[in-house]
Amino acid sequence: MFKIFSTNPVHDPVNKQAPATEIKKTTCYMCACRCGIRAHLRDGELVYIDGNPEHPLNQGVICAKGSSGIMKQKSPARITQPLLRKAGSARGDGEFEAISWDKVFEILTDRLAKIRATDPKKFALFTGRDQMQALTGLFARQFGTPNYAAHGGFCSVNMAAGMIYTIGGSFWEFGGPDLDQAKLFVMIGTAEDHHSNPMKIALSKFKRAGGRFISINPVRTGYSAIADEWIPIKPGTDGALFMALMHELIRLEKYDAPFLKRYSNSAQLVCMDSGPEEGLFLYDPDSDPINLDLPHNKYIWDEKSQSTQPCFAQGSSPTLSGEYVMGSGPHRGKKVVPAFELLKRQVSETTPEWAAAITSISADRIRKLALEMADTAFGQEFELPISWTDSWGEKHDSVTGRPVAFHAMRGLSAHSNGFQTTRGLAVLMSLLGTIDRPGGFRHKAPYPRQVPPNVKPASSENDINPNTPLAKSPLGWPTQPEDLALDSQGKPLRIDKAYSWEHPLAGHGLMHNVITNAVKGDPYSIDTLMIFMANMSWNSTMNTMEVREHLNAKNDNGEFKIPFLVVCDAFQSEMVDFADLVLPDTTYLERHDVMSILDRPISEFDGPVDSVRIPVLEPLGECKPFQEVLIELASRLKFPAFTNPEGDRKFKDYPDFITRFQTGPDSGIGFLSGWRGKDGEKSLRGEPNPNQWQKYAENNCVHQYHMPPEHQYMRNWNKGYLDFSKENALRQKNDPIMIAIYSDILQRFRLAATGKRPGAQPPEHLKGRIYKYFDPLPFWYPPLEDEATDLNKFSLNAITQRPMAMYHSWDSQNAWLRQIHSHNYLYVNTATALKNGIADGAWMWIESQWGKVRCMARHSEAVDPGTVWTWNAIGKAESAWGLSDHADESKKGFLLNHLISEELPLGEFTVSNSDPITGQAGWYDVRVRLAPADENKPQETWPQVKAFDVPGMPLKRTEENK
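The notes below deal with the structure included here. Chains are numbered independently. Their residues run from 1 in the order of the written sequence. The predicted nature of this model means local features are confined to residues of pLDDT at least 70 and side-chain atom pairs, given and counted, to a pLDDT of 80 or more, with totals for whole chains, interfaces and linings taken over all residues. Excluded from the side-chain calculation are hydrogens and water; included are all heavy atoms of the structure.

1. Notes on the overall build of the protein
Thought 1: For the purposes of this entry, the term helix denotes a DSSP run of H or I that reaches at least four residues, the term strand denotes a run of E that reaches at least two, and both are numbered from the N terminus. Across its full length, the protein carries 25 helices and 36 strands.
Thought 2: Our radius of gyration is a C-alpha quantity, and the globule rule it is checked against amounts to 2.2 Å times the number of residues to the power 0.38. Taken over the C-alpha trace, the protein has a radius of gyration of 27 Å; the compact-globule value for 962 residues is 30 Å, and the two agree within 12%.
Thought 3: When its C-alpha atoms are laid out on the principal axes, the protein stretches across 85 × 75 × 65 Å.
Thought 4: A simple rule labels every residue: compare its accessible area, found with a 1.4 Å probe on the protein chains alone, to the largest value its type can have, and call it buried under 20%, exposed over 50%, or partly exposed in between. Taken over 962 residues, the protein has a buried fraction of 66%.
Thought 5: Here, two residues are considered to be in contact whenever any of their heavy atoms come within 4.5 Å of each other. For the protein, contacts bridging at least 24 residues in sequence account for 71% of all contacts bridging at least 6.
Thought 6: Surface summary for the protein: the accessible area is close to 32300 Å², and the carbon and sulfur share equals 49%.
Thought 7: Positive residues here are Lys and Arg, negative ones are Asp and Glu, while His and the chain termini are left out of the count. To locate a charge, take atom NZ for lysine, CZ for arginine, CG for aspartate or CD for glutamate. Distance between charge centres in the protein, computed from 105 positive and 115 negative side chains, equals 1 Å. Surface exposure here means Shrake-Rupley accessible area, sampled with a 1.4 Å probe, where a residue is shielded only by the protein chains that are shown.

Here you go:
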């Protein structure tokens, strides 16, 4: 038998091995990249994994994580059977008894049926980094609870929301840099794991073609290590840099004025008069609104006639500057300005000198960076001979290339100022005219979508009814205060307070606040919390030690404040110990799965791409895919979407559900876009095909639809593409998607805070907060934690990054990857370390106002002097994840989470340590100080926490496998 961590090799290195007897293709899930892989088996045993050269995403390339998937199957931490916490035992002590799946479904069906029949919101379903949010979201909506979200609120919702509310698309799954045609690439706030293999492939080609790569990041690791120039920046100040760059581009008149006039709301007129229309666009009652949800019938000031005209009037010449008075019609006498004029005023004082004092980047370097961007965008402009027709019927013979590409992720997003920072980047890219153009930012299906998509969250008690699906989606995109999830008293409808006045545009929910809110009963108590694939008692939560106490908190009557906690995981994570019921999940090699167009596909620039996982191995022990659990529960609870009119179950299992489910009666739209129609002859839309899984299996587990070249660019305003997207349900409508340089959506919330707008208003203690942060134009402000911190005492920024060889906490039980990262150091600039008396490799203390951690230091010149950093989620609780009680991960590894507070003071109140607009967790806002540790103290990290083995783990610890 294979022995984990044994000195014996997995393969005999001397004697020749028999060749693999079978190769199966599937999709990797060692990170969220979702590359195509080939699993090599010898007599049914997995012996090798490599990249699939026929897969469009990774083209055969595989990383250390992907090739190490074999060791996930051999992990000592596998949970192999359902477990029920023993009566009377404390959560966290790991006291469980094995039960059958029949008993699991009996327990859950009985409990959930009672909740659904009385108060559905007492059930909360929150999922971590899963790939099936279309299914989990459907389950929550059919149950009738608003309390659902995935991991985005503590990952990158600022990136998604900030860009989608601006340009209708976002980085990573929904768009990215066109490096095949770019000349200058600026990567900012990106670690080395996001879009890993495709980014490596693209960067390699880009560099070989002579492209120039600039990395702006507090740390120089991963991708940044091969950059032509590294520009270190102080964390949380990227927005100030963008404001200064916009200042320079506008001052020098180096922006794409024709693009802004035609394809954005830059020329549209904003009312300047005080009152309910202040700061809003004015609407022309005589023009067609085209889209009633987000009307287009606005005005521009026509330079030719020196008068207002409908914004899409043929032959008009919109102006971007000046201040005017409406001369006729219902708005006669009102003062108006083009939105771009307001942007000019917004950035008039954000000079390079102003930004230099904030970012630590010199004013001269900021000026040169602005010039380099402009010179590349306009000086190296090119045309592709691709004919296309815009939304207004004008035919174009070519597509203009602006070869400046950007990429950004959590470094921008994971701050409490991240939404406005991301808005700033999107507007900067728009000034350069790079949106969905060759060499710039390009969308990926199903985006672009309306700014924002026309999906609203549940917004009143009337949307929540017993034994009834939720009337609206659990998650959505508010466009006005009336869309907020509030009860009749103005209190949050959701346990995480998403879509409340605390976080109005919380596109992905606030998973990081669920446990604390539920224990406090704020805004109310819940009965059952189901957690899938999220380590909420360890690395996926702020103030880790306090959350662990919350999980065990009891009322005066001795009952848990969260009465029932269900955890689904494939491994013995720190969270498993706290569960009342443990559901053993499969690994990605043991299940069917989909990367759906309805969810988070793997589309390419030239068209929609989705993919599947098909089991390579049988599930270990009694492991069952969480997807199957949901299908079974939905069928037993008789959700309408999962039962026939007669009340019997509609779907046999998860593969059957994926094949036959349609978003509407005979809509032809399902989870998978390939080989639809009875004979598999249709793509994107068509009747269910009973042989669809087989077709995916025969085609590398992937379906790629190639759009014609005339549909591949300018998609926000490309009539052919917009018609295509509506026909295939990628969008609801086919009207143009105008870039929101100015967001009147944000202004509506601001007006509510001032009382100038009729309707819902925020509570008194939040009015100033809403007014300040809901600026309709991008602006920079310090992270919220700065206001609650003595910055002289805690002067350093502390951040984490995910290493290229690990993804979250998934892989510390992986014997091969442990050899790369068995523990982490705190990386400190050499000068900073020596100033604080800390030697290279020495034990030290890192302390915030919220907590302290003992760890080991590593000197580095590849980090900004005002910043310290470490790898994320390497540190583990003692004996967790099947590791020995003296493993490096628990004795040398550590978490920065212990230093981060989940809540911040706001006068007499407390609020989430999150972006006030979206609720994005402010992971990277914490401020710290350093000190050497006492050499006479234990040479191990602090704090220390103990985890426990659970029944059914496949390997017992012996001296040899420690």
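2. Here's the deal with the side chain of D864
Thought 1: Among the structural elements, D864 can be located in the loop between β32 (852-860) and β33 (867-871).
Thought 2: When a carboxyl oxygen of Asp or Glu lies within 4 Å of a side-chain nitrogen of Lys or Arg, that pair is called a salt bridge. Buried within the structure, D864 lacks any salt-bridge partner; its nearest side chain of opposite charge belongs to K234, at an N-O separation of 6.6 Å.
Thought 3: Those residues in contact with D864 that lie beyond four places of it in its chain are P218, W230, P232, I233, K234, S360 and N829.

3. A word on the packing of aromatic side chains
Thought 1: Pairing of aromatic rings covers Phe, Tyr and Trp, the last counted by its six-membered ring, and requires centre-to-centre distances within 6.5 Å; plane angles under 30 degrees mean stacked, over 60 mean edge-to-face, and any other angle means tilted. All told, the structure shown has 40 aromatic pairs when counted by the stated rule.
Thought 2: Each ring, one from F639 and one from F642, has its centre 6.3 Å from the other, and the planes form 70 degrees; the classification is edge-to-face.
Thought 3: F639 gets classed as buried once you look at its relative accessible area, which sits at 0%.
Thought 4: For F642, a relative accessible area of 1% translates into the label buried.

4. Quick notes on the sheet that holds strand β9 (residues 184-188)
Thought 1: What the 4 strands build is an open sheet, ordered β11-β10-β9-β21; its pairing is parallel. Two strands bound the open sheet, and with one partner strand each, they are β11 (229-231) and β21 (404-408). Direction aside, the axes of adjacent strands within the sheet are offset by 20 degrees on average.
Thought 2: Paired strands, as defined in this entry, are two strands with at least two bridges between them according to DSSP. Bridging between β9 and β21 involves 5 bridges; their strand directions are parallel. Residue pairing for β21: M187 is matched across the bridge by H407.
Thought 3: Simply put, an axis is a line fit to the C-alpha atoms, just over the touching stretch for a helix, and the angle between two N-to-C directions goes from 0 to 180 degrees. Packed on one face of the sheet, helix α11 (residues 363-379) meets β9, β10 (212-216), β11 and β21 and runs near 140 degrees to β10.

5. Looking at the sheet that holds strand β29 (residues 796-801)
Thought 1: Spatially, the 6 strands close up into a barrel ordered β29-β33-β30-β32-β31-β36, and their pairing is mixed. Each strand of the sheet is rotated relative to its neighbour by a mean of 45 degrees, with strand direction disregarded.
Thought 2: Of the strand pairs in this sheet, β29 and β33 are connected by 5 bridges, and their pairing is parallel. Across the sheet, residue T800 finds its bridge partner in β33, namely T870.

6. Observations concerning the pairing of β32
Thought 1: Buried residues dominate β32, accounting for 7 of its 9 residues.
Thought 2: Here 4 bridges tie strand β30 (residues 826-829) to β32, and the two strands are oriented parallel to one another. By the bridge assignment, L826 is partnered in β32 with A857.
Thought 3: As paired strands, strand β31 (residues 843-847) and β32 are joined by 5 bridges and run antiparallel to one another. Bridge assignment links I846 to a residue of β32, and that residue is V853.

7. Some points on the nonpolar core
Thought 1: In plain words, nonpolar cores are sets of buried Ala, Val, Leu, Ile, Met, Phe, Trp, Tyr and Cys residues tied together by side-chain atoms within 4.5 Å. Counting 229 residues, the largest nonpolar core has F657 and I846 as the members making the most contacts within it.
Thought 2: Those residues in contact with F657 that sit more than four places away from it in its chain are L135, L138, I631, F642, F651 and F671.
Thought 3: Formed by 27 residues, the second largest nonpolar core is a distinct cluster that contains I164, L294, L746 and Y773.

8. Re the pattern of salt bridges
Thought 1: Taken as a whole and assessed by the stated rule, the structure comprises 63 salt bridges.
Thought 2: As a salt-bridge pair, E173 and R600 come within 2.9 Å of each other at their nearest N and O atoms. Remark: R600 occurs in the loop between β26 (593-595) and β27 (609-613) and E173 occurs in the loop between α5 (157-167) and β8 (175-177); sequence separation between them is 427 residues. The two residues E173 and R600 agree in class, both being buried.
Thought 3: Note that D593 and R613 form a salt bridge whose closest N and O atoms lie 2.9 Å from each other. Within this pair, whereas D593 is found in strand β26, its partner R613 is found in strand β27, the two being separated by 20 residues in sequence. Each of the two residues, D593 as well as R613, counts as buried.
Thought 4: Linked by salt bridges that have partners in common, R212, E229, R365 and E372 make up one network.

9. Digging into helix α7 (residues 238-251)
Thought 1: How far a helix is expected to stretch is found by multiplying one less than its residue total by 1.5 Å. With 14 residues, α7 should reach 20 Å at 1.5 Å per residue; the first-to-last C-alpha distance of 20 Å fits that figure.
Thought 2: With 13 of 14 residues buried, α7 is to be regarded as a mostly interior element.
Thought 3: Looking at the residues trailing α7, positive phi occurs at E253, about 55 degrees.

10. Quick notes on the environment of Y742
Thought 1: Within the secondary structure layout, Y742 lies in the loop between α19 (719-727) and α20 (744-754).
Thought 2: A relative accessible area of 3% means that Y742 is categorised as buried.
Thought 3: Each C-alpha atom of the pair Y742 and N265 lies 6.9 Å from the other, and the pair is 477 residues apart in sequence.

11. What to know about unusual backbone geometry
Thought 1: Put simply, V451 and P452 share a cis peptide bond, and its omega is -5 degrees.
Thought 2: Its place among the elements puts P452 in the loop between β22 (441-443) and α14 (514-520).
Thought 3: With an omega of 15 degrees, the peptide bond between D522 and P523 qualifies as cis.
Thought 4: Its place among the elements puts P523 in the loop between α14 and β23 (528-532).
Thought 5: With phi around 55 degrees, D436 is a residue other than glycine that occupies positive phi space.
Thought 6: Along the polypeptide, D436 turns up in the loop between α13 (418-431) and β22.
Thought 7: Among the residues examined, D436 registers a relative accessible area of 0% and is labelled buried.
Thought 8: The backbone of W675 sits at a positive phi, close to 50 degrees, despite the residue not being glycine.
Thought 9: Along the chain, the position of W675 falls in the loop between α17 (654-660) and α18 (692-698).

12. Quick look at the side chain of R676
Thought 1: As for its placement among the helices and strands, R676 is situated in the loop between α17 and α18.
Thought 2: Buried within the structure, R676 lacks any salt-bridge partner; its nearest side chain of opposite charge belongs to E687, at an N-O separation of 7.2 Å.
Thought 3: Pairs of N or O atoms within 3.5 Å make up the polar contacts considered here, provided that, within protein, one atom can donate a hydrogen while the other can accept it, and that residues adjacent in sequence are counted only when both atoms are side-chain atoms. A polar atom in the side chain of R676 sits 2.9 Å from the backbone oxygen of G686.

13. Brief notes about the packing of helix α4 (residues 133-143) against helix α16 (residues 626-636)
Thought 1: At a closest axis distance of 11 Å, the pairing of α4 and α16 adopts a crossing angle of 25 degrees. The angle between α4 and α16 places the two elements in the roughly parallel class. As α4 runs across α16, the sense of the crossing is left-handed. In contact with L135, T136 and F139 of α4, α16 contributes F626, Q627, L630, I631, L633 and A634.
Thought 2: Of the residues that constitute the contact of α4 with α16, the class distribution is 7 nonpolar, 2 polar and no charged. What sets the label is the angle itself: under 35 degrees gives roughly parallel, over 145 gives roughly antiparallel, 65 to 115 gives roughly perpendicular, and the rest give oblique. Crossing handedness is read from the near helix: turned anticlockwise from the far helix by less than a right angle, it gives a left-handed crossing, and turned clockwise, a right-handed one. Only Asp, Glu, Lys and Arg are considered charged, only Ala, Val, Leu, Ile, Met, Phe, Trp, Tyr, Cys and Pro nonpolar, and every remaining residue, Gly among them, polar.

14. A short note on helix α10 (residues 352-359)
Thought 1: P352, A355, I358 and T359 are the residues of α10 that are buried. Along the axis of α10, the buried positions cluster into a sector of 125 degrees, meaning they face one direction only.
Thought 2: Contacts made by the buried residues of α10 are with α7 and α11.
Thought 3: S360 sits one or two positions beyond α10 and adopts a positive phi of about 80 degrees. Throughout, the arc means the angular range of directions from the helix axis out to the C-beta atoms.

These results come straight from atomic positions and should not be treated as a statement about function.
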